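As a plain string of letters, each chain reads:
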Amino acid sequence: MRLVARLLSVRGPRVPSGWFRRASASARLSTATVPRPFRWKMPKSNFAEPSDTSEGQVSGAQVIAQALKTQGVEYMFGIVGIPVTEIAFAAQELGIRYIGMRNEQAACYAASAIGYLTGRPGVCLVVSGPGLIHALGGMANANMNCWPLLVIGGSSERNQETMGAFQEFPQVEACRLYSKFSAQPASVEAIPSVIEKAVRSSIYGRPGACYVDIPADFVNLLVNVNSIKYTECCMSPPVSMAETSAVHMAASVIRNAKQPLLIIGKGAAYAHAEENIRKLVEQCKLPFLPTPMGKGVVPDNHPNCVGAARSRALQFADVIVLLGARLNWILHFGLPPRYRPDVKFIQVDICAEELGNNVRPAVTLLGDINAVTKQLLEEFDKISWQYPPESKWWETLREKMKSSKAASQELASQKSLPMNYYTVFYHVQEQLPRDCFIVSEGANTMDIGRTVLQNYLPRHRLDAGTFGTMGVGLGFAIAAAVLAKDRSPGQRVICVEGDSAFGFSGMEVETICRYNLPIILLVVNNNGIYQGFDTDTWKEMVKSQDATIVAPPACLLPDSHYEQVMIAFGGKGYFVQTPEELQKSLTQTLADTTKPSLINIMIEPRATRKAQDFHWLTSSKM
């Protein structure tokens, strides 16, 4: 009967692997029988098996769940099917929250976001073969972002290896390219120690993704409960500090700077370094620039934030302190013309291999961002120093911030319809709760949104990140909303999506509605990827020729009613075309905490960013 179940599957059966075996024994299920809805529940006891099993035995699924619980895992995302369904039931029985998603990639994005937000990996549970392959994108994204993640994938039965087993795939080998650790336990008894090592590996050093492969025959295999030895929960990552001489040198370089700048990266947010970084900013009167997910470590409205003068600050700073930020494409590799040829970088990072990438730093501070920042503060306590607020450098930065804000405000105040990006975001910013999570993805939607939508709290901004991944938005929003619902009831998640970005994981709207998550989706709709066309132009374009021949590849169907997707699943949907409609819909959605909602915001299809100072600023979107 297991073969029948597999033959009925298209990609990954969504019923428990043991269901057909049990049903066959009790009802002699035939292939023509339509099974009744599945109602089996895990038993009340953590380790008890259904009544037909021997006392003192435990299944592989229960061992996996208990091992995860022991390691402090709280959240599991995934799509159940052969052979992992029983694992999800066992996890729920132990109090691990299971969130069923609509695509493994989105589930993996959600689990990785939990890792970033909590410091403990979320679990992504996937079926064998295609299920795992769909999750690889999320694993790669977690590794690039340096976020803890644990993927647990079912695999073929061991005695069928190399025989062409159901969804057989070299999963452990495939995952090594996308993870820090990839392994298959040799036995059910070995599962706890392997899971402990995977969790530990995901959070120690530079965080990242880890994979544990579970053969199908392990899941329901019964072993003696006394043969299982659960590995104690791994300790929190050890806190490393920089060499004292290096800290002294860094402080000296900062004191001698004529035009200093702090760059605060998401590594600083992950390290919970907000208190010490804010003290450093205020004690030394230093200008700072947050990277996209470094926003909120020090509030965006802090007087020393020079985000509105980003280009000027990067181009002319003579000393730059990198706090958990990498000199990759997001920061233009640290090279001219983005930077002065003689700029001195002080790198603070937990990963030794990152130090010296692309440029030779003046000082390297290897260690935990929070601990190293505290060391710097202690150095400045010994010899008090402040960068003069009336300096020419501060004057230059303030002038640029003023002109940039004026240019954005001019665009935002335009009355023409359809609206432009700045008009939309300024109206959104006016009503945003200060403690909300902001999730953002898209091209111009994300780029412009991050300059207008402000963050006041650390780890409250999630976007495309280091890998520049589109499609992460709804998975990230679901993770943030699940966490908010558990730990901060009433806190909202604002997920700002371009219409193209929304399409990657739009069916997760059903997940949002199923769990009634506190999410407001804003789809900024310009009918295309980067830019689109209005309805009349589109109709004229395709009226006499096949759209595959004449429609530009960046086009999407004009005036698509994405809000109807939310309405279809029981949420609230709004289609807005004017500032007044946008304000009204935002007011209503923020006041109603009973249902998730989606506001479909129509903007000018050819709208774009305000003019940039240099042509090379547009070669990278971050």
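Data block above holds the structure.
Residues numbered from 1 in each chain as written. Predicted model: local features only at pLDDT ≥ 70, side-chain atom pairs only at ≥ 80, totals over all residues. Heavy atoms only, no water.

**Q** Is there a simple way to explain the packing of helix H3 (residues 60–70) against helix H8 (residues 191–203) in this structure?
**A** Pairs of packed helices are described in terms of their axes, by the angle between the two and the distance that separates them. Contact geometry for H3 and H8: axes closest at 9 Å, N-to-C directions at 35 degrees. Crossing geometry of H3 relative to H8 is assigned as right-handed. Facing Gly60, Val63, Ile64, Ala67 and Leu68 of H3, the residues of H8 in contact are Ile191, Pro192 and Ile195. (Axes fitted to C-alpha atoms, helices over the stretch in contact; angles between N-to-C directions. Helix = DSSP H or I, 4+ residues; strand = E, 2+ residues; numbered from the N terminus. Left-handed = near helix turned anticlockwise from the far one by under 90°. Contact = heavy atoms within 4.5 Å.)

**Q** Looking at this model, I keep getting lost on the sheet that holds strand E12 (residues 344–349). Mind explaining?
**A** Paired through backbone hydrogen bonds, the strands of a sheet run either parallel or antiparallel to each other. An order of E10-E9-E11-E12-E13 is seen for the five strands of this open sheet, with the pairing classed as parallel. At either end of the open sheet lies a strand with only one pairing partner, and these are strand E10 (288–290) and strand E13 (363–366). Averaged over all pairs of adjacent strands, the angle between strand axes in this sheet comes to 15 degrees, irrespective of strand direction. Pairing geometry for strand E11 (residues 319–323) and E12, over five bridges, is parallel. Paired with Leu323 across the two strands is Val348, which belongs to E12. Relative to E13, helix H10 (residues 244–255) is tilted by about 135 degrees, and along the sheet it contacts E11, E12 and E13. The strands touched by helix H14 (residues 369–382) within the sheet are E11, E12 and E13, with E12 carrying the most contacts at an inclination of about 130 degrees. (Pairing = 2+ DSSP bridges.)

**Q** Got a minute to help me understand empty space enclosed by the protein in this structure?
**A** Any space left empty among the atoms is revealed by the rolling of a water-sized probe across them. Counted by the stated rule, this structure contains one cavity of 30 Å³ or more. Volume-wise, the largest cavity comes out at about 40 Å³. As for the largest cavity, its lining consists of Gly72, Glu74, Tyr75, Ile114, Thr118, Arg120, Pro121 and Gly122. Residue composition of the lining of the largest cavity, by class: three nonpolar, three polar and two charged. (1 Å grid on protein atoms, 1.4 Å probe; cavity = no way out; pocket = protein on both sides within 12 Å on 5 of 7 lines; lining within 4 Å. Points joined across faces, edges and corners; volume = space filled by probe spheres on them. Nonpolar A, V, L, I, M, F, W, Y, C, P; charged D, E, K, R; others polar.)

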